[in-house]
Amino acid sequence: MQQPKAKKIPKELEIHKDVRIDDYYWMNQRDSDDVLNYLREENAYFKENTKHLNALQEDIYQEIRSRIKEDDRSVPYLFNEYWYWVEYAENNEYPLYFRKKDEPNVSNELLFDANKMAEGHEYFKITGISISPNNQFAAFGIDTVGRRNYTLYVKDLFMDKKLSVEIEHTVGCYAWANDNSTLFYARRDPETLRSDKIFRTDVHTEDFGEQMVYREKDEKFDTFVYRSKSQAYVIIVSSSSISDEYRFLSTNRPKDEFQLFQPRQDHLEYSIEHIDDKFYILTNADQADNFKLMTTPVDQTSKENWQVFQDHDTDVLLEDVDVFSDFIVLSERSKGLNHLKVIPQDQPEKAYYIPIQSETYTLGTSGNPVMKTDKLRFVFNSMTTPTQVIEYDMQNKAEKVLKQQEVPDKSFDPRNYKSRRIWVKSRDGVQIPVSMVFHKDTDLSQPNKLLLMGYGSYGITVDPYFSVSRISLLDRGFIYAIAHVRGGEYLGRQWYENGKFLKKKNTFHDFIDVSKFLIEREYTSSDLLCALGGSAGGMLMGVILNEAPQLYRSVVAAVPFVDVLTTMLDDTIPLTTGEYDEWGNPKHHKYYHYMKSYSPYDNVKAQEYPNILVTTGYHDSQVQYWEPAKWVAKLRAHKTNHNLLLFYTEMEAGHSGSSGRFSSIKETARDFAFIIDTVRSDEN
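Just so it is clear, the model here is predicted, and its values are computed rather than measured.

Here is what the cut-offs are and how they apply
Residues numbered from 1 in each chain as written. Predicted model: local features only at pLDDT ≥ 70, side-chain atom pairs only at ≥ 80, totals over all residues. Heavy atoms only, no water. Helix = DSSP H or I, 4+ residues; strand = E, 2+ residues; numbered from the N terminus. Rg over C-alpha atoms; globule rule 2.2 N^0.38 Å. Buried < 20%, exposed > 50% of the residue type's maximum accessible area, 1.4 Å probe, protein only. Contact = heavy atoms within 4.5 Å. Areas by Shrake-Rupley, 256 points an atom, 1.4 Å probe, with all protein chains shown as cover. Lys, Arg positive; Asp, Glu negative; His and termini not counted. Charge placed at Lys NZ, Arg CZ, Asp CG, Glu CD. Pairing = 2+ DSSP bridges. Axes fitted to C-alpha atoms, helices over the stretch in contact; angles between N-to-C directions. Left-handed = near helix turned anticlockwise from the far one by under 90°. Nonpolar A, V, L, I, M, F, W, Y, C, P; charged D, E, K, R; others polar. 1 Å grid on protein atoms, 1.4 Å probe; cavity = no way out; pocket = protein on both sides within 12 Å on 5 of 7 lines; lining within 4 Å. Points joined across faces, edges and corners; volume = space filled by probe spheres on them. Phe/Tyr/Trp six-rings, centres within 6.5 Å; stacked < 30°, edge-to-face > 60°. Lys NZ or Arg CZ within 6 Å of the ring centre and 35° of its normal. Salt bridge = Lys/Arg side-chain N within 4 Å of Asp/Glu carboxyl O.

Trainee: Just checking my understanding: could you explain the overall build of the protein for this structure?
Mentor: A count of helices and strands for the protein gives 12 helices and 38 strands. For a compact globule of 684 residues, the expected C-alpha radius of gyration is about 26 Å, and the protein comes in at 25 Å, within 12% of that figure. Looking at the protein as a whole, 58% of its 684 residues are labelled buried. For the protein, the proportion of contacts with a sequence separation of at least 24, taken over those separated by at least 6, is 57%. Surface exposure of the protein reaches about 28600 Å², of which carbon and sulfur atoms provide 44%. For the protein, the centre of its 83 positive side-chain charges and the centre of its 105 negative side-chain charges are spaced 2 Å apart.

Right, dumping it as structure tokens:
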């Protein structure tokens, strides 16, 4: 089958007296026959060139599925007199949501069967389930397209029927007032999909009495609403990448005006938690790059009243805080590793760390909605250790494993796998950490097949987590490695700051330098090294393909953000304006030329490229489908060798791919089969 050839319709794009010619600009015409036909051609070409992989893909799919406990259940948590949990039944794509009153001899209540609700939809997502204070009503959002644009519904749980409420374009976060009638929610702009308005409504009136209570006018900010853990306040937050602003309202007085907590300031980030007569503030105020914890009375919330509770530490990133009636729990990161610090409120000098015995791991609190308890829940796993849900008694310093992730495949033994962390010197002398895992029989004295994963943006850290999918690679002799490049926060806030704006190239250089190191030290070779990244990590893949294609055998770029300049210059595209504080605004000369120097689409050139698989979702709201479509078309027109270039569009999905748990495994199996085959073809 002949590879698709997209038509060229040159369009001049000029700014700062610089002209770019975009031959494929026309692809942004969503739903046009030309666009749909092109995407179908690419999908057909993908299927034709991978039909020999159907058996391998099915093998990998069955392997991964065999490691998943299909009839699974989450650990129940107690909230407002009810226990809540989620179950999966065998062969079901979607979860069942249950609750049970905290009394003896009462039956389970099925709140939602997402499988039945999903019938007739190729894509289905339920989110934001919020229970009213009297436990009778549940607000929830439904997305049947994949654009994270949710329709709000309300269900009467006592009567087992939906109310007439149906409100479109909500974000999926909902907050009840104590009257059990007033509901607050955030709404998206239908065109840009920016969350810019907060509404309240009376769910029991015929017309809902919808009223806007807040509008976020600054296009760099998004706004959301939630109910405080203390249940005392409804809280509105407006956030950009570098600034936050909060407002709060008593849940007993939903018709009052929201009170401003602390006015926004450039580079002032903060978040708030409430206990009794005070707020706790996690903030970077006063140049606390790694954040510190402060307190203030509820009636004196402006910044000049904040008092230090836990001071800033240049070596420790303070990532999160969990508040309890008698304890404060800090989630910290030091030298890349997570730590949980427990602080008794009445004796803060007796603070201590929960002991963890592992060289590299992932650790974080989870499922702690109740304040009046001495029990903390956290989740632990590593690249070789399946996930554990642990309950920790903060008073007696004793822990209990509530759930151990079960891997039903009897051939799986965690002792068959080893993990390690290595450090790689980048070109500017900075040490880059790399986490890796491999089968114990893998011979590290010679080059091995290796898949290197990277992200490196928004301060998001890819931790060394456990994955049942990854085992299918490890058992086939692959090393799996994560390059913790700058742009994430693995080594603190400065690690992020040194990988954004006019330092963004550090992200790309780090990944390339790690790749070179792995080849030089013979962990792998250029014929055996593969790379993987999605979204902003897909942009990373685009840059390394342009700058160092010779290092890689194959590259998988999922929903890749590759047309950086054109997207960032168009503020009508969903989510663009909020990105200025991450990449810079190219309407300013210096950012334009810097971004142009690395933008993957703008730097495609006539050269040999490795094998490439690009995937996207037609309804993606974060990276529009036309970015990877244009990129692939341009790569086809410029690449000078015959390596594979495949492009597949999920026509019924968005940024996160398929919504079902088994259909998403098929996507993983597709990517792994491509990687395995491209390396295997070299061996043969």
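Trainee: Quick question: what am I supposed to make of the sheet that holds strand E21 (residues 292–297) here?
Mentor: Strand-to-strand pairing in sheets goes through backbone hydrogen bonds, with the strands running parallel or antiparallel. Across the sheet, which stays open at both edges, the four strands sit in the order E19-E20-E21-E22 with antiparallel pairing between neighbours. At either margin of the open sheet sits one strand with a lone partner, and together these are strand E19 (270–275) and strand E22 (307–310). Direction aside, the axes of adjacent strands within the sheet are offset by 35° on average. As defined by bridge partners, E19 adjoins strand E20 (residues 278–283) across six bridges and the pair is classed as antiparallel.

Trainee: What should I look at first to understand the packing of helix H1 (residues 33–50) against helix H11 (residues 626–638) in this one?
Mentor: Between two packed helices, what matters for the description is the angle formed by their axes and the separation of those axes. Between H1 and H11, whose axes approach to 12 Å, the crossing angle comes to 65°. At the point where H1 passes H11, the crossing takes the left-handed sense. Only Ala-629, Val-632, Ala-633 and Arg-636 of H11 make contact with H1, whose side of the interface consists of Tyr-38, Leu-39, Glu-42 and Tyr-45. Class assignment for the residues of the contact of H1 with H11 results in six nonpolar, no polar and two charged.

Trainee: What is the right way to look at the layout of surface pockets in this model?
Mentor: Considering only enclosed or pocket space, the second largest pocket measures out at about 1200 Å³ in volume. If you trace the second largest pocket, you find 33 residues lining it, with Tyr-465, Ser-656, Ser-664, Thr-668 and Asp-671 closest to the centre. The set of elements that each furnish at least two residues to the lining of the second largest pocket consists of strand E35 (529–534), strand E37 (611–617) and helix H12 (661–683). The element that contributes the greatest number of residues to the lining of the second largest pocket is H12, accounting for seven residues. Considering only residue class, the lining of the second largest pocket consists of 13 nonpolar, 14 polar and six charged.

Trainee: Would you mind showing me how to read the pairing of strand E8 (residues 137–143) here?
Mentor: For E8, a buried count of seven out of seven residues is recorded, marking the element as mostly surrounded by other parts of the structure. Burial along E8 is two-sided: the face carrying Phe-137, Ala-139, Gly-141 and Asp-143 and the face carrying Ala-138, Phe-140 and Ile-142 are both buried. Two elements, strand E7 (residues 125–131) and E8, share five bridges in a ladder whose sense is antiparallel. Note on E8: the bridge partner recorded for Ile-126 is Ile-142. Here E7 folds back onto E8, and the loop between the two strands holds five residues, one of which, Asn-135, carries a positive phi near 70°.

Trainee: Teacher, can you tell me more about the packing of aromatic side chains here?
Mentor: How two aromatic rings sit relative to each other is given by the distance of their centres and the angle of their planes. Inspection of the entire model under this criterion finds 33 aromatic pairs. Members of the aromatic cluster, connected to one another through ring pairs, are Tyr-233, Tyr-246, Phe-248, Phe-261, Tyr-270, Phe-279 and Trp-306. Directly above the aromatic system of Tyr-82 lies the positively charged group of Arg-99, at a separation of 3.9 Å from the ring centroid. Stacked on the ring of Tyr-465, the Lys or Arg Arg-470 has its end atom at 4.6 Å from the ring centre.

Trainee: What should I look at first to understand the environment of Thr-192 in this one?
Mentor: By secondary structure assignment, the location of Thr-192 is in the loop between strand E12 (182–188) and strand E13 (195–202). Of the residues examined, Thr-192 reaches a relative accessible area of 18% and is grouped as buried. Along the primary structure Thr-192 and His-588 are separated by 396 residues, whereas in three dimensions their C-alpha atoms are 21 Å apart. Dropping the residues within four chain positions of it, Thr-192 is found in contact with Asp-571, Thr-572, Ile-573, Pro-574 and Leu-575.

Trainee: Before we go on, may I ask you to explain the pattern of salt bridges in this structure?
Mentor: Pairing between side chains becomes possible if they bear opposite charge and their charged atoms approach one another. Tallied over the entire structure, the rule returns 40 salt bridges. Among the salt bridges present, the one from Asp-428 reaches Arg-486, with a minimum N-O distance of 3.0 Å. Of this pair, Asp-428 sits in the loop between strand E31 (417–425) and strand E32 (431–439) while Arg-486 sits in the loop between strand E34 (479–483) and helix H5 (493–497), and the two are 58 residues apart along the sequence. Residue Asp-428 is classed as partly exposed on the basis of its relative accessible area, which comes to 43%. Measuring nitrogen to oxygen at the nearest pair gives 3.4 Å for the salt bridge that ties Glu-650 to Arg-670. With Glu-650 in strand E38 (residues 645–650) and Arg-670 in helix H12, this residue pair connects regions lying 20 residues apart in the sequence. Side by side, Glu-650 and Arg-670 carry an identical accessibility label, which is buried. Residues participating in the shared-partner salt-bridge network are Glu-63, Arg-67, Asp-409 and Arg-476.

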